[in-house]
Structures are given as C-alpha cells and as structure tokens.
Amino acid sequence: MRIIAATVASILVAAGCSGQAPQLPQADRSPNPIGSFFVGVDSSKLPEPARSAVVSAERDIDLVLRGHPPACKDSPDSGESDGGTLHYKCKHYDLTVMRSIYQVGDVYGFIYGPIVTFPGDYPISYVRFYSSQELSALLKQRAGR
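What counts, and where the lines are drawn
- Residues numbered from 1 in each chain as written.
- Predicted model: local features only at pLDDT ≥ 70, side-chain atom pairs only at ≥ 80, totals over all residues.
- Heavy atoms only, no water.
- Helix = DSSP H or I, 4+ residues; strand = E, 2+ residues; numbered from the N terminus.
- Buried < 20%, exposed > 50% of the residue type's maximum accessible area, 1.4 Å probe, protein only.
- Contact = heavy atoms within 4.5 Å.
- Polar contact = N/O pair within 3.5 Å; in protein donor to acceptor, adjacent residues only side chain to side chain.
- Disulfide = S-S within 2.5 Å.
- Salt bridge = Lys/Arg side-chain N within 4 Å of Asp/Glu carboxyl O.
- Core = buried A, V, L, I, M, F, W, Y, C linked by side-chain atoms within 4.5 Å.

Mapped onto the elements of the fold, R51 is located in helix α2 (residues 50-65). Accessibility expressed as a relative area gives 29% for R51, which makes it partly exposed. The residues contacting R51, other than those within four sequence positions of it, are S43, S44 and L46. At 3.3 Å, the side chain of R51 and the side chain of E48 are in polar contact.

Given below as structure tokens:
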C-alpha cells in the first residue's frame, strides 16, 4: 500500500510542480469534468496496484461529483450528522463524501464532494460549496441514472 501512496503522491507532486494550473480545452470546461481528478496521469502506464487504485478512485470521484454513491462499496462504513458526510473504506483508499451544512453570507447550503486518502498519504479533495437548491438538484439526478 505504501507503494500506491508513494506512486500517486510522486505523480501528483510532479504534476503540481509545473508552476501553472492546468487549463482545460474550451470545449471541456464543464462543472464536473470527467477524469480530471488526477490531471496529467495516464493510468495505463502506472504499475499495479497503483493503476487499479487510481482507476477506481477516479470512477468513484466522478460518481460522487454527479450526485451518485461511489461504486467501491454498497453502503458507507460510517457517517456524521453534520449534513450527511459518509465514510467508505475502499480497497485501495479511504473515501469521504463530504456533505456538511455551510453558510456563505446569507446563502445557506452545503460543502459537498469527494475526499480520497491513500494509505500513508495526504487527503486530496474536490469539495465545493452548493446552495441547498443546487445540491438538491444534483442529488435528484441519481434517480434518473
């Protein structure tokens, strides 16, 4: 497992050291770009088990960003009463689906999104603020899945 964490961490550090934020082509600028969590990582070139970990994490991240439960487990291992945060112990990583009540000015809403932690590594996240209406709309999409 330390190999997974070291491999992923070195890839993320190398990708982040370019000094510039990666820019998506204009056509791909969507609120939830698919496969954008590990920017610049060609998972097909990673050794196992890092390849499986990254592919699985990207799939779960994409599902969560689209308002669906992750694929790594049928049900969460634990949860919090802070608005609905859920914790999953997946095969190669821990996944937290943050859903915490939050207020920005006079707008009430939620902090929502995935947080992935590989063993022995720092958490990496894609957490954003959603108004209550926007998060409700996102989570209602799962019924149409």
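From this point, things continue past the structure.
Moving on: the state of the cysteines. Evaluated as defined, the whole model comprises one disulfide. The side chain of C72 participates in a disulfide bridge whose partner is C90; the two sulfur atoms lie 2.1 Å from each other. Of this pair, C72 sits in the loop between α2 and β1 (78-79) while C90 sits in the loop between β2 (86-89) and β3 (94-104), and the two are 18 residues apart along the sequence. Exposure remark for C72: the relative accessible area of 24% places this residue in the partly exposed category.

Where charged atoms from two side chains of opposite charge approach closely, those side chains can pair. Taken as a whole and judged by the stated rule, the model has five salt bridges. K73 is the salt-bridge partner of D77, the closest N and O atoms lying 2.6 Å from each other. A residue is classified by how much of its surface remains accessible, and D77, at 41% relative accessible area, is partly exposed. The class for K73 is partly exposed, based on a relative accessible area of 26%. A salt bridge links K89 to D94; the nearest nitrogen and oxygen atoms lie 3.4 Å apart. What makes K89 exposed here is its relative accessible area of 55%.

Of all hydrophobic cores here, the largest spans 24 residues; its most connected members are F38 and Y112. Elements supplying a minimum of two residues to this core: α2, β3, β4 (107-117) and α3 (132-140). Of the residues forming this core, the biggest block, seven residues, is contributed by α2.

For the rest of this paragraph, the subject is unusual backbone geometry. Omega for the bond connecting E48 with P49 falls within 30 degrees of zero, at 0°, which places this linkage in the cis form. Following the sequence through the fold, P49 ends up in the loop between α1 (2-16) and α2.

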